[in-house]
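# Notes for the structure review
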Amino acid sequence: MTLDTTVQIELYTSMLRVRLLEEKVVELYPVQEMKCPVHLCIGQEAIGSGVAAHLKSDDYLFSNHRGHGHYLVKGGDMRALVAEFYGRTTGCSKGKGGSMHVIDTSVGMLGTSAIVGGGIPMGVGAALASSIRGDGKISAVFFGDGAFDEGVFYESYNFAALKNLPVIFVCENNFYATNSTQKARHAGSRIADSAAGFDSKGICVDGNDVEAVYNAAAEAAERARSGKGPTLIEALTYRWKGHVGPGTDFQAGCRPEAELNAWMEKCPVKSYRTILIETGVIDAARDEEIRDTISKEIDDAFEFAISSPLPTEADLMTDLFCE
Amino acid sequence: MPWTKVYSDRSEFDIAVEKDPSLRGLTYRDAILEASTQLLESDKEFFIMGEGVDDPGGVFGTTKGLTEKFGAERVMDTPLAENGITGVAMGAALTGMRPLLVHMRVDFMTISLDQIANHAAKWRYMFGGAINVPLTIRAIVGRGWGSAAQHSQSLQAMFTSVPGLKVVMPATPYDAKGMLISSIYDDNPVIFIENRGLYEQVGHVPEEIYKVELGKGIVRQEGTDVTVVATSQMVSEATKAARALVADGISAEVIDMRTLVPMDKEIVIESLKKTGRLVIADNGTKEGGYSAEVAAFVSEEAFDLLKAPIQRVALPGVPTPASHVLEAAYYKGADDIVSAVKRIAG
């Protein structure tokens with residue numbers, strides 16, 4: 001299926017925006033003004049972009065500790081995201097969450113859990129609410145292959161399938177949970193196939209091919225919106241940086257350098273750019289234009305964050321309970 | 001006021017009705033059922049889920065008949081997946097619905113501590129107040145009938161030790177209904193703990209929907225010599241103890257804390273200004289228990305008011321045994337409260 005060029009440019013822009021933002025984090029992290037751990041999704045951008053293209057602004061999204069990209073593709077405010085990295089009061093969580101806990105309720109981004117698998121049942125619960133209300137909203141929940149180890153994944157998928165809930169499960173399989181390989185943790189290797197055990201639909205896609213993800217998500221969203229229940233999308237990908245932090249981890253012996261290099265050859269952003277240029281959807285000048293616009297937005301977001309106020313001690317005890 | 005009174009048994013309530021025919025008697029279990037029914041009738045955003053809520057028995061009668069009346073989508077039986085289902089209920093709450101999750105035994109909630117302690121309790125603070133979690137979880141605790149270690153725990157202190165959870169333990173039918181309705185309309189996660197020893201207790205319960213404010217204790221009986229701070233079922237025991245102590249010329253003031261978090265410290269301090277003596281009665285474990293928290297706060301903030309050491313009536317640090325002989329030795333009641341009072345006010 002050939003996509004409309006408008007959609008193609010949107011997908012490319014969406015991925016590039018996430019990539020450039022995180023590259024800026026890599027650049028500025030050593031200054032040590034972002035005083036919280038960062039879990040970067042560089043190399044995995046196609047998945048969020050391809051799925052979010054099928055979500056409306058009031059649909060729900062839940063994510064995990066590696067959630068900057070999901071936040072941005074759902075339409076989350078970039079200034080508030082970066083301010084959160086810097087622990088500022090203008091951050092999306094007022095500096096109480098840090099990079100692992102980002103939220104923008106105005107676009108249905110209802111939060112990220114840094115407990116592996118923790119966000120999955122919430123996505124199902126939001127879908128349950130949609131089902132009870134009959135409001136037509138759907139949910140998407142993002143998690144990694146590590147969450148496939150967790151019991152809560154099975155509990156949640158079973159319930160979603162049992163009740164035919166409008167939710168898309170998106171497993172970003174980057175083959176590592178911190179430094180432990182999928183092979184060391186999973187008896188089988190096909191996560192998508194597990195949906196069959198719940199009489200549900202699983203789709204395995206190349207997670208570095210944004211159009212493949214887009215097409216899988218189209219099917220999943222259609223299923224959700226037409227009362228056919230959940231879909232498990234397994235998107236195969238690779239994270240370029242270490243589990244946490246701005247650096248690579250092969251030097252420490254966490255993963256083979258050759259493996260990283262092979263996956264970098266399959267860069268989702270670069271390969272899509274090549275396709276769009278070769279097919280005449282964009283040219284180099286248009287690409288520059290897109291990059292310029294994004295870079296300006298990023299610069300503005302970092303300036304906003306750095307110039308924003310830090311919390312004071314008086315903020316410590318606020319926000320616990322809604323009065 | 002009729003609803004502030006604790007009636008030890010049905011006959012006591014019947015005598016009260018003879019004097020005041022306007023009293024409307026309901027058991028604790030029916031008060032929960034009535035609150036649930038009225039919420040289902042009046043609020044489309046409210047729903048109930050839990051293991052066995054549609055069983056013929058209806059969770060000790062507290063959900064009996066609700067699925068037939070309101071449908072399986074609003075009174076929903078769930079798979080045996082405590083952690084996942086807690087997250088599901090929470091997810092619905094994040095969209096603004098007001099779910100009530102029911103656990104037949106608090107013991108099963110330990111499986112869902114990840115969603116309760118890591119998620120529900122933290123979601124508001126961790127996101128700087130950007131979102132609320134209007135989730136209520138009913139947890140049934142307390143003495144069974146040889147139910148042993150995994151079906152009769154009282155784990156309130158486990159929840160009070162996690163910031164971000166409100167923890168309530170209503171002790172009367174009136175409070176059971178009013179506090180359940182308040183919990184549902186509270187925008188924070190509330191752990192609503194019921195001791196099933198209370199289910200048969202009868203008291204005045206108005207027919208209409210009403211709220212009992214969370215975070216406020218209540219004086220169940222006024223006294224001048226000693227303050228007995230009690231929770232849940234121990235409120236009845238403390239009331240019985242207070243009556244027995246009259247024969248010894250001791251006037252005991254009984255305070256029902258009702259809400260454990262946030263704690264009504266003021267009501268305790270006000271009482272101690274009169275009595276200067278404190279006994280705490282709680283059906284949780286003594287070590288690290290809620291009674292320890294009350295004792296610690298009084299020691300820190302009101303030490304000057306104390307005329308005698310604080311006494312605690314709480315459970316010993318072993319799992320609940322099954323044999324009725326051991327069970328009797330394990331649980332505490334009015335006699336233990338009387339003894340504790342006499343140790344400091346004899």
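Residues numbered from 1 in each chain as written. Chains lettered and ligands numbered in written order. Predicted model: local features only at pLDDT ≥ 70, side-chain atom pairs only at ≥ 80, totals over all residues.

## Focus: the overall build of chain B
The helix and strand inventory of chain B stands at 13 helices and 14 strands. By the compact-globule yardstick of 20 Å for 346 residues, chain B fits well, its C-alpha radius of gyration being 20 Å. If you line up chain B on its principal axes, its C-alpha atoms span 55 × 50 × 40 Å. Taking all 346 residues of chain B together, the buried fraction comes to 56%. Pairs at least 24 residues apart make up 79% of the contacts formed inside chain B by residues separated by at least 6 positions. (Helix = DSSP H or I, 4+ residues; strand = E, 2+ residues; numbered from the N terminus. Rg over C-alpha atoms; globule rule 2.2 N^0.38 Å. Buried ≥ 20, exposed ≤ 12 C-beta atoms within 10 Å, placed from the backbone. Contact = placed C-beta atoms within 7 Å.)

## Topic: the overall build of chain A
Along chain A, the regular secondary structure elements total eleven helices and eight strands. In terms of its C-alpha atoms, chain A occupies a principal-axis envelope of roughly 55 × 50 × 40 Å. Considering only contacts in chain A between residues 6 or more positions apart, those separated by 24 or more positions represent 73%.

## Examining the nonpolar core
Judged by nonpolar contacts, the single largest core of 194 residues is most densely connected at I168(A), V170(A), I233(A), V228(B), I337(B) and V341(B). Residue contributions to this core peak at eight residues, all from helix 8 (residues 210–225) of chain A. Composition of this core by domain shows at least three residues from each of domain 1 (2–204) and domain 2 (218–345) of chain B. Once you skip the residues sitting within four places of it in the chain, I168(A) turns out to touch V51(A), I138(A), A140(A), A217(A), A220(A), A221(A), A224(A), P230(A), T231(A) and I233(A). (Core = buried A, V, L, I, M, F, W, Y, C linked by C-beta atoms within 7 Å. Domains from an automatic or database assignment.)

## Quick notes on the domain arrangement of chain B
Residue and element names in this part refer to chain B. When the domains of chain B are assigned, the result is domain 1 (2–204) and domain 2 (218–345). The partner domain 2 presents 28 residues to the 27 residues of domain 1 that form the contact. Among the secondary structure elements, those contributing two or more residues to the side of domain 1 that touches domain 2 are helix 7 (156–160), strand 6 (166–168), helix 8 (173–184) and strand 7 (190–195).

## Here we look at the interface of chain A and chain B
It is common to give the size of an interface as the accessible area that goes away when the parts come together. On the side of chain B, 34 residues touch chain A, which itself brings 34 residues to the contact. Mapped onto the side of chain A that touches chain B, the elements with two or more residues apiece are strand 2 (109–113), helix 5 (120–133) and helix 6 (151–162) of chain A. Tallying contributions element by element places helix 5 of chain A first for the side of chain A that touches chain B, with nine residues. Residue classes in the side of chain A that touches chain B are distributed as 18 nonpolar, twelve polar and four charged. (Nonpolar A, V, L, I, M, F, W, Y, C, P; charged D, E, K, R; others polar.)

## What about the pairing of strand 5 (residues 136–141) of chain B?
Residues and elements named next belong to chain B. Extensive coverage of strand 5 is indicated by the burial of six of its six residues. Judged by which residues are buried, strand 5 turns out to be covered on both faces: T136, R138 and I140 on one side and I137, A139 and V141 on the other are all buried. Two elements, strand 4 (residues 98–103) and strand 5, share four bridges in a ladder whose sense is parallel. Counted as the bridge partner of L100 is T136 from strand 5. (Pairing = 2+ DSSP bridges.)

## What about the packing of helix 2 (residues 45–52) of chain A against helix 8 of chain A?
Helix-helix packing: each pair is described by the crossing angle between the helix axes and the interaxial distance. All names here are of chain A. The contact between helix 2 and helix 8 brings their axes to 8 Å, and the two run at 40°. Here helix 2 runs over helix 8; the crossing is right-handed. Counting all contacts with helix 2, which are made through A46, I47, S49, G50 and V51, the residues of helix 8 involved are V210, V213, Y214 and A217. Grouping the amino acids of the contact of helix 2 with helix 8 by side-chain chemistry returns seven nonpolar, two polar and no charged. (Axes fitted to C-alpha atoms, helices over the stretch in contact; angles between N-to-C directions. Left-handed = near helix turned anticlockwise from the far one by under 90°.)

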